[in-house]
Amino acid sequence: MNLKKNDIIELKITSMTAQGSGVGKTADGIVIFVPLSAVGDELEVQILKTKKTYAYGKINRIVKPSESRVEQYCPNFSKCGGCVYRHIDYNSELEIKYNRVKDAMERIGGFDGLKINPVVGNEGVDRYRNKAQIPAQNTENGVQLGFYANHSHRIIPCEDCLLQPEVFKTAMDITREFMNSTKQLAYDERTGRGKLRHLYIRYAEMTDELMVCYVVNGNGLKQEDVLVKALRDRLPNLKSVAFNSNRENTNVILGAKNRTAFGSDYITDILCGKRFKISPLSFYQVNRAQAERLYGIAADYADLKGDEVLLDLYCGTGTIGLTMADKCKELIGVEIVEDAVDDAYENAGINGVDNARFICGDAAYAADKLEAEGVRPDVVVIDPPRKGCDSELVHTISRMSPDRVVYVSCDPETLARDLKLFSEENYVIKELTPVDLFSRTAHVETVALLQREK
């Protein structure tokens, strides 16, 4: 079949990509990627772009819907780049995420028959996010807030995102009304002019504390007192209003400098029985309830008896390690960002944890320091960024010869790659448990237990 742009073909969807697009094949083996489709869909597809062995298309007509299809109820779905699974039932979404982990382990890691537990599902697939970074843009109708369309910097105006608490909608309304009534402009990345870049909101579910932060091209906004009053009048749980300065021509959302315009410099939440201070720059899991389940699985895998040394790599502000500190003899956190190390010490103090210390540096530096001290970790917990570890870090960890490694991953593909490296360093992959922290999106977290062979 010689496919061309705008061709209309019939296609059955048989699988999903890691990004959440449906996949079907033509009779002669050409792979077609179709967003917003579902496994089992029989479709009429319009071809948008062709390559030699694959093509991209969009749904022209659903000939026969998949049994997993459901009526979706978000007006922004299919327009913004957030949710990809809102049109299918939740059990089918969990199955897709399980298969993604399983496929990565087999295809990239080369592991056959690996024990993979069912995905730990989210009890509430809506309103679970405790953080939002909402871009602002100038339009003919004034400043609009919303979310970027998929693979673009074009903002889709949004009145309310169903992944976020309803109070976020009120903060968006207040901000939009303020910007337009004071005739201030959003930042324009093409010209470098304008002030408001992002509305940044954080919410502490267990304490009901709210932080509203404005990322601005400068030090602040005009008539801030009017804005703060409007926020205070309409948001009774408001704990903090802050301004984050970012003057750089960059896609990085936050700058390094914060200024508190009202209330506290931080909000406080409770996770796994521990209290954590959350400032604009602090890392904190966006789904608190599922993070508790994730950390609980990590703690089960760590299997601490009370006399172990626990090493927490990529510890950030200390959340994972501090939730396990009362189960080990000593907690050692390692983090390369100095401010995060300061926050980790502060979080330890808030929770009365006196058996923890934190090292500012990378894993290799920490390994050398601990070796010089004659300290060998019994258990290592790692929670790296999406890019995962590298062979040098895997070798560094294996050189410390911990009995167990607990790997918390936000990307199954890089996890599979790294587990293969660990298996070459005398570690056996005992089991994995995927956890759904980001329902309706393509993301899935996974916790892996690795055991050192004697």
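The structure this text deals with has already been given above.
Note that the structure is a prediction, hence the values are computed from the model and not measured. (Residues numbered from 1 in each chain as written. Predicted model: local features only at pLDDT ≥ 70, side-chain atom pairs only at ≥ 80, totals over all residues. Heavy atoms only, no water.)

1. Quick notes on the overall build of the chain
Here is step 1 of the chain: Along the backbone of the chain there are nine helices and 22 strands.
Here is step 2 of the chain: Relative to a compact globule of 454 residues, whose C-alpha radius of gyration would be 22 Å, the chain shows 24 Å and is just as compact.
Here is step 3 of the chain: Overall, the C-alpha framework of the chain stretches about 65 × 65 × 35 Å when taken along its three principal axes.
Here is step 4 of the chain: In the chain, buried positions account for 55% of the 454 residues.
Here is step 5 of the chain: Long-range pairs, those at least 24 residues apart, make up 62% of the contacts in the chain between residues at least 6 apart in sequence.
Here is step 6 of the chain: Accessible surface for the chain amounts to roughly 20700 Å². Of this, 48% is attributable to carbon and sulfur atoms.
Here is step 7 of the chain: Within the chain, the 66 negative side-chain charges are centred at a point lying 6 Å from the centre of the 59 positive side-chain charges. (Helix = DSSP H or I, 4+ residues; strand = E, 2+ residues; numbered from the N terminus. Rg over C-alpha atoms; globule rule 2.2 N^0.38 Å. Buried < 20%, exposed > 50% of the residue type's maximum accessible area, 1.4 Å probe, protein only. Contact = heavy atoms within 4.5 Å. Areas by Shrake-Rupley, 256 points an atom, 1.4 Å probe, with all protein chains shown as cover. Lys, Arg positive; Asp, Glu negative; His and termini not counted. Charge placed at Lys NZ, Arg CZ, Asp CG, Glu CD.)

2. Quick notes on the side chain of Glu-93
Here is step 1 of the chain: Topologically, Glu-93 is positioned in helix α1 (residues 90-107).
Here is step 2 of the chain: For Glu-93, a relative accessible area of 0% translates into the label buried.
Here is step 3 of the chain: Those residues in contact with Glu-93 that sit more than four places away from it in its chain are Tyr-85, Ile-88, Asp-436, Phe-438, Ser-439, Arg-440 and Thr-441.

3. Focus on the environment of Pro-135
Here is step 1 of the chain: Examined against the element boundaries, Pro-135 turns out to sit in strand β7 (residues 131-139).
Here is step 2 of the chain: Taking C-alpha positions, Pro-135 is 34 Å from Val-381, a pair spaced 246 residues apart along the chain.
Here is step 3 of the chain: Beyond its immediate chain neighbours, meaning those up to four positions away, Pro-135 contacts Gln-144, Leu-145, Gly-146, Phe-147, Tyr-148, Ile-155, Arg-197 and His-198.

4. Some remarks on helix α9 (residues 412-423)
Here is step 1 of the chain: Taking 1.5 Å per residue as the helical rise, α9 with its twelve residues ought to reach 16 Å, and the 16 Å between its terminal C-alpha atoms agrees with that figure.
Here is step 2 of the chain: Residues of α9 that are buried include every one of Pro-412, Glu-413, Thr-414, Leu-415, Ala-416, Asp-418, Leu-419 and Phe-422, and no others.
Here is step 3 of the chain: Along its buried surface, α9 packs onto α1, β19 (379-382), α8 (391-400), β20 (404-409), β21 (427-435) and β22 (445-452).
Here is step 4 of the chain: Among the residues of α9, the N-terminal cap falls to Asp-411, whose side-chain oxygen and the backbone nitrogen of Glu-413 are separated by 3.1 Å. (Expected span 1.5 Å × (residues − 1). Polar contact = N/O pair within 3.5 Å; in protein donor to acceptor, adjacent residues only side chain to side chain.)

5. Let's talk about the pairing of β7
Here is step 1 of the chain: Pairing of β7 with strand β10 (residues 196-204), which is carried by five bridges, proceeds in the antiparallel orientation. Bridging across to β10, Lys-131 finds its partner in Arg-202.
Here is step 2 of the chain: In this sheet, strand β8 (residues 142-148) lies alongside β7 in antiparallel orientation, the contact comprising four bridges. In the sheet register, Asn-138 faces β8, and the bridge partner there is Val-143. (Pairing = 2+ DSSP bridges.)

6. Looking at the packing of helix α7 (residues 363-373) against α8
Here is step 1 of the chain: With their axes 9 Å apart at the nearest point, α7 and α8 run at an angle of 15 degrees to one another. Considering the angle they form, α7 stands roughly parallel to α8. Note on packing geometry: the crossing formed by α7 with α8 is left-handed. Taken together, the residues of α8 that come into contact with α7 (itself represented by Ala-363, Ala-364, Ala-367, Asp-368 and Glu-371) are Leu-393, Thr-396, Arg-399 and Met-400. (Axes fitted to C-alpha atoms, helices over the stretch in contact; angles between N-to-C directions. Parallel < 35°, antiparallel > 145°, perpendicular 65-115°, else oblique. Left-handed = near helix turned anticlockwise from the far one by under 90°.)

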